[in-house]
Amino acid sequence: MNFNEVIGQEEIKERLMKMCREDRVPHAMMFCGPRGCGKMALAMAFACYLLEGNFKESEVRSEESPMLANMRHPDLHFSYPTIKLPSMSSDYKPVSDDFAREWHEMIMESPYFTMDRWMQSIGAENQQAIITAGESDALTHKLSLKSSQGGYKVAVIWMPERMNIECANKMLKLIEEPPSRTIFIMVSDEPQRVLETIRSRAQRIDIRRIDDESMVHAIAARRRLNEEEARRVTRMAAGDWNKTIEIIDADGENGLFLDMYRTLMRLAYARDIRSMKKWSETVAAFGREKQKRFLEYFLRMTRENFIYNFGRPELNYMTQEEEEFAGRFARFVNEKNILQINELANRAIRDIGQNANAKIVFFDIALQMIVLLLQK
């Protein structure tokens, strides 16, 4: 992993490399910034840069040692939130090594990921992932050993805000009295939740959202979209690479949802009750999670159509197909019905979440849309 693989963030990359060239790398750092800006990608690239130890060259080397390319360097240590598996004893404190295989597979797939992605990787559906005191003990032991390569030892701590209080206090002591040539890189979404005494001992590096031009270039290169499509996705993602991937990968589902949304509005306008009943049965067969995603899409499309009426294209965030539909439909969403339509969809999300009969919920939406679309 090297800086060339990080999307945008050129200013931060140069700042980090300059720290190395001038031999003033803080022993503890905290990377902060909005979700999807590439904090973890930067942390991993910086860790590899430190371990590579080649600071004199102004350009980033395109080739890395096999150990760094595979993120298996003996002086690179990751700490991250974990869960307690049913097979673990009641007094056992889970550590990162218990999930090393899943972690390695995920970071090798992409250095851009979310907590939801990590929870899926370890099969955690309803548990709260935390960093336990067992992890701080394990990390202390690892860092007490001599560097295998004679250079830095680097500990990348993802989501330090999820350390429990026992772990945080032990980690504080480790950061206060770090082993020789040890660098701590913490990557946080919510730094305000990190123990204040830990925050005060780490140099904060604030990372901004990815700039639009870097996003467009990365989308075109990595996902092979043309420039117009890439710019549309960039505007919708607002500097969040994880959101970008979700938008691109969800094209199939979004296409289905657009079709269902268009069909509903046409049937409501035509007052075709029999077809609307069939429509509600089709959506009810989606399954509850997919039903909720459709209702979120319903809300977004309704909002976008309302905004479309203002004639300010820079305020709209739609695909080309969605925009073509809005050109014909937007006039039916106005100040007289927008709040009622939003309330209708939000109530449906609540009802679906409480296991209401989906056929009744969606048929009710369909029937009410007949009345709401008449309000001009």
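Refer to the structure above for everything that follows.
How each quantity is defined
Residues numbered from 1 in each chain as written. Predicted model: local features only at pLDDT ≥ 70, side-chain atom pairs only at ≥ 80, totals over all residues. Heavy atoms only, no water. Pairing = 2+ DSSP bridges. Helix = DSSP H or I, 4+ residues; strand = E, 2+ residues; numbered from the N terminus. Axes fitted to C-alpha atoms, helices over the stretch in contact; angles between N-to-C directions. Salt bridge = Lys/Arg side-chain N within 4 Å of Asp/Glu carboxyl O. Buried < 20%, exposed > 50% of the residue type's maximum accessible area, 1.4 Å probe, protein only. Arc of directions from axis to C-beta. Parallel < 35°, antiparallel > 145°, perpendicular 65-115°, else oblique. Left-handed = near helix turned anticlockwise from the far one by under 90°. Contact = heavy atoms within 4.5 Å. Nonpolar A, V, L, I, M, F, W, Y, C, P; charged D, E, K, R; others polar.

Caption draft 1: Broad picture of the sheet that holds strand β1 (residues 28-32). Taken together, the 5 strands give an open sheet; going across it, the order is β2-β3-β4-β1-β5, and neighbouring strands pair in parallel fashion. In this open sheet, the two edge strands, each paired with only one partner strand, are β2 (76-79) and β5 (203-206). Adjacent strand axes in the sheet meet at a mean angle of 20°, parallel and antiparallel pairs treated alike. Where strand β3 (residues 153-158) lies against strand β4 (residues 182-188), 6 bridges are found, and the strand directions are parallel.

Caption draft 2: Region of the structure containing the pattern of salt bridges. According to the stated counting rule, one finds 27 salt bridges in the structure shown. In this structure, D206 and R204 form a salt bridge, with 2.7 Å as the shortest nitrogen-oxygen distance. Take R204: its relative accessible area is 45%, and that puts it in the partly exposed class. Ionic pairing is found between R300 and E322, a salt bridge with its closest N-O pair at 2.8 Å. Linking R300 in helix α14 (residues 288-308) with E322 in helix α15 (residues 320-329), this pair joins segments that are 22 residues apart in sequence. In this structure E322 comes out as buried when scored by relative accessible area, which is 2%. Salt bridges here are not isolated pairs; linked through shared partners, they connect K93, D137, E166 and K170.

Caption draft 3: Structural view of α15. Of all the residues in α15, the buried ones are E322, F325, A326 and F329. Along the axis of α15, the buried positions cluster into a sector of 105°, meaning they face one direction only.

Caption draft 4: Representation of the packing of helix α9 (residues 212-223) against helix α10 (residues 227-237) in the model. Following both chains from N to C, one finds α9 and α10 inclined at 130°, their axes separated by 9 Å at the closest point. Overall, the two elements α9 and α10 adopt an arrangement that is oblique. Crossing geometry of α9 relative to α10 is assigned as right-handed. Seen from α9, the contacting residues are D212, E213, M215, V216, I219 and A220; seen from α10, they are E227, A230, R231, V233, T234 and A237. Of the residues in the contact of α9 with α10, the class split is 7 nonpolar, 1 polar and 4 charged.

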